[in-house]
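So the chains spell out like this:
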Amino acid sequence: MYNQAGVDALDAVRAVVASFGAPIAFRKLYGILNAMEMHVEETPYSVEALQHLGKALEATARLYQVDQKKHAQLERALATFLHKVNKHS
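Residues numbered from 1 in each chain as written. Predicted model: local features only at pLDDT ≥ 70, side-chain atom pairs only at ≥ 80, totals over all residues. Heavy atoms only, no water.

Counting 25 residues, the largest nonpolar core has V13, F20, L57, L74 and F81 as its most contacted members. Secondary structure elements with two or more residues in this core: α2 (11-18), α3 (27-40), α4 (47-63) and α5 (68-88). In this structure F20 touches F26, L29, A61, V66, K70 and L74, once residues within four positions along its chain are discounted. (Core = buried A, V, L, I, M, F, W, Y, C linked by side-chain atoms within 4.5 Å. Buried < 20%, exposed > 50% of the residue type's maximum accessible area, 1.4 Å probe, protein only. Helix = DSSP H or I, 4+ residues; strand = E, 2+ residues; numbered from the N terminus. Contact = heavy atoms within 4.5 Å.)

At a minimum axis distance of 9 Å, the contact between α3 and α4 shows a crossing angle of 170°. What the angle tells us is that α3 and α4 run roughly antiparallel. Contacts from K28, L29, I32, L33, A35, M36, H39 and V40 in α3 reach A49, L50, L53, G54, A56, L57, T60, A61 and L63 in α4. (Axes fitted to C-alpha atoms, helices over the stretch in contact; angles between N-to-C directions. Parallel < 35°, antiparallel > 145°, perpendicular 65-115°, else oblique.)

Time to look at the packing of aromatic side chains. Counted under the stated rule, the structure contains two aromatic pairs. Aromatic side chains F26 and Y64 sit 5.0 Å apart centroid to centroid with 70° between the ring planes, which places their arrangement in the edge-to-face category. Of this pair, F26 sits in the loop between α2 and α3 while Y64 sits in the loop between α4 and α5, and the two are 38 residues apart along the sequence. Residue classification places Y64 among the partly exposed residues on the basis of a relative accessible area of 24%. (Phe/Tyr/Trp six-rings, centres within 6.5 Å; stacked < 30°, edge-to-face > 60°.)

When the terminal C-alpha atoms of α5 are compared, their 31 Å separation across 21 residues agrees well with the 30 Å that a helix rising 1.5 Å per residue should span. All of the buried residues in α5 are H71, A72, L74, A77, L78, F81, L82 and V85. Its side-chain oxygen 3.0 Å from the backbone nitrogen of K69, D67 forms the N-cap of α5. (Expected span 1.5 Å × (residues − 1). Polar contact = N/O pair within 3.5 Å; in protein donor to acceptor, adjacent residues only side chain to side chain.)

Bringing the environment of L82 into the picture now. For L82, the location among the structural elements is in helix α5. You can call L82 buried: its relative accessible area is 18%. When the C-alpha atoms of L82 and G54 are compared, they prove to be 8.5 Å apart, with 28 residues separating the residues in sequence. Discounting residues that sit within four places of it in the chain, L82 has contacts with L50 and Q51.

So, on to the environment of G6. By the secondary structure assignment, G6 is in helix α1 (residues 4-9). The class of G6 is buried, set by a relative accessible area of 4%. With 34 residues separating them along the chain, G6 and V40 place their C-alpha atoms 5.7 Å apart.

Below is the structure:
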């Protein structure tokens, strides 16, 4: 069953990643975001898998040396996303 609420919950994370710059320069981040969306768009889904993908997103942001302010925004957006999808899993 398609999970629009789960996909919508990812919008804030996607917006933070978009604020980093041109998508081509951050394609690994977008690949992880796409994996997160594919995972959450159908129920049932694994919150544990989404947590691991979130950690991969944070680690990849560090690889790209995203500044601390934007990294903090990403952490907050991920925490909010994970909280929302955990309530609906």
